[in-house]
Amino acid sequence: AIQTEVEKFFQSKLDKTLFILTVITAIFLPLQFLTGVFGMNLHIPESNYKYAYHIFWVSSAVYIISAFLFLRFSNMQKFITNAPQSTH
């Protein structure tokens, strides 16, 4: 009985940790893709545009801010901050 409770406790901690890592990955993976595309030593049409560098960073900042605001004001915030409690 005690071993089952200990296993439930560690499983709930693992579930919460994996969920948080998944959310972080979902936020930063698209930005890493864009960074990889623009970091290649290839000629892409956007690189000739005068403000391409600035547009990239502004759009990245807008994306990150909107993702954090979504998490802040949605039900996800409650799920992230409230860890599942084990029953005793």
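Residues numbered from 1 in each chain as written. Predicted model: local features only at pLDDT ≥ 70, side-chain atom pairs only at ≥ 80, totals over all residues. Heavy atoms only, no water.

1. Digging into the overall build of the protein chain
Inclusion rule: Here a strand is any run of E in DSSP of at least two residues, a helix any run of H or I of at least four, and the numbering for each starts at the N terminus. Burial status follows relative accessibility: with a 1.4 Å probe on protein chains alone, a residue under 20% of its type maximum counts as buried, one over 50% as exposed, and anything between as partly exposed. All accessibility values rest on the Shrake-Rupley procedure with a 1.4 Å probe; residue burial counts only the protein chains present in the view.
Looking only at helices and strands, the protein chain features 3 helices and 0 strands. Ordered by position from the N terminus, the helices and strands of the protein chain form the series α-α-α. Split into buried and exposed, the 88 residues of the protein chain put 14% on the buried side. Put simply, the protein chain shows about 7500 Å² of open surface, and 70% of that area lies on carbon and sulfur atoms.

2. What about the side chain of Ser12?
What counts here: In protein, a polar contact requires one atom able to donate a hydrogen and another able to accept it; more generally it is a pair of N or O atoms within 3.5 Å, and residues adjacent in sequence count only if both atoms are side-chain atoms.
Topologically, Ser12 is positioned in helix 1 (residues 2-39). Looking at Ser12, its side chain comes within polar contact range of the main-chain oxygen of Phe9, at 2.7 Å.

3. Some words on helix 2 (residues 52-73)
So the rule is basically this: By this rule the span expected of a helix is its residue count minus one, scaled by 1.5 Å. Taking the helix axis as origin, the arc is that swept by the directions to the C-beta atoms.
Here helix 2 is 22 residues long and its end C-alpha atoms lie 31 Å apart, about the 32 Å a rise of 1.5 Å per residue gives. Within the sequence span of helix 2, burial applies to Phe56, Ser60, Ala67 and Leu71. In an axial view of helix 2, the angular spread of the buried residues amounts to 35 degrees, which keeps them on one side of the axis. Facing away from the buried surface of helix 2 by more than 90 degrees, the exposed residues are His54, Val58, Ile65, Arg72 and Phe73.

4. Re the packing of aromatic side chains
Any pair of aromatic rings gets described here by the distance separating the centres and the angle formed by the planes. Note the threshold: Whether two aromatic rings pair depends on their centres lying within 6.5 Å, for rings of Phe, Tyr and Trp, where Trp uses its six-membered ring; planes under 30 degrees apart make the pair stacked, over 60 edge-to-face, and the rest tilted.
One pass over the full model with this rule turns up 1 aromatic pair. The interplanar angle of 70 degrees and the centroid separation of 5.4 Å between the aromatic rings of Phe9 and Phe10 together place this pair among those described as edge-to-face. The partly exposed category is assigned to Phe9, whose relative accessible area is 37%. The class for Phe10 is exposed, based on a relative accessible area of 52%.

5. Focus on a nonpolar patch on the surface
The condition is simple: Patches in this entry comprise residues that are over 30% relatively accessible and not in a salt bridge; like charges within 9 Å are linked, as are nonpolar side chains (Val, Leu, Ile, Met, Phe, Trp, Tyr) within 5 Å. Any Lys or Arg side-chain nitrogen located within 4 Å of an Asp or Glu carboxyl oxygen qualifies as a salt bridge.
Together, Leu14, Leu18, Leu21, Ile24, Phe28 and Phe68 make up a nonpolar patch on the protein surface, roughly 540 Å² of accessible area in all. For the nonpolar patch, the element with the highest residue contribution is helix 1, accounting for 5 residues. Looking at the element boundaries, Phe28 is found in helix 1.

6. Structural notes on the packing of helix 1 against helix 2
Note the cut-off: Convention adopted: a line fitted to C-alpha atoms gives each axis, helices being fitted over their contacting stretch, and angles between N-to-C directions are expressed from 0 to 180 degrees. Should an angle fall under 35 degrees it is taken as roughly parallel, and over 145 as roughly antiparallel, whereas 65 to 115 is taken as roughly perpendicular and any remaining angle as oblique. The contact criterion used throughout is that any non-hydrogen atoms of two residues lie within 4.5 Å. Any residue that is not Ala, Val, Leu, Ile, Met, Phe, Trp, Tyr, Cys, Pro, Asp, Glu, Lys or Arg is counted as polar, Gly included; the first ten are nonpolar and the last four charged.
Contact geometry for helix 1 and helix 2: axes closest at 10 Å, N-to-C directions at 170 degrees. One element, helix 1, and the other, helix 2, form an angle in the roughly antiparallel class. Between helix 1 and helix 2, the contacting residues are Val23, Ala26, Ile27, Phe28, Pro30, Leu31, Leu34, Thr35 and Phe38 on the first element and Phe56, Ser60, Tyr63, Ile64, Ala67, Phe68 and Leu71 on the second. Taken together, the residues of the contact of helix 1 with helix 2 break down into 14 nonpolar, 2 polar and no charged.

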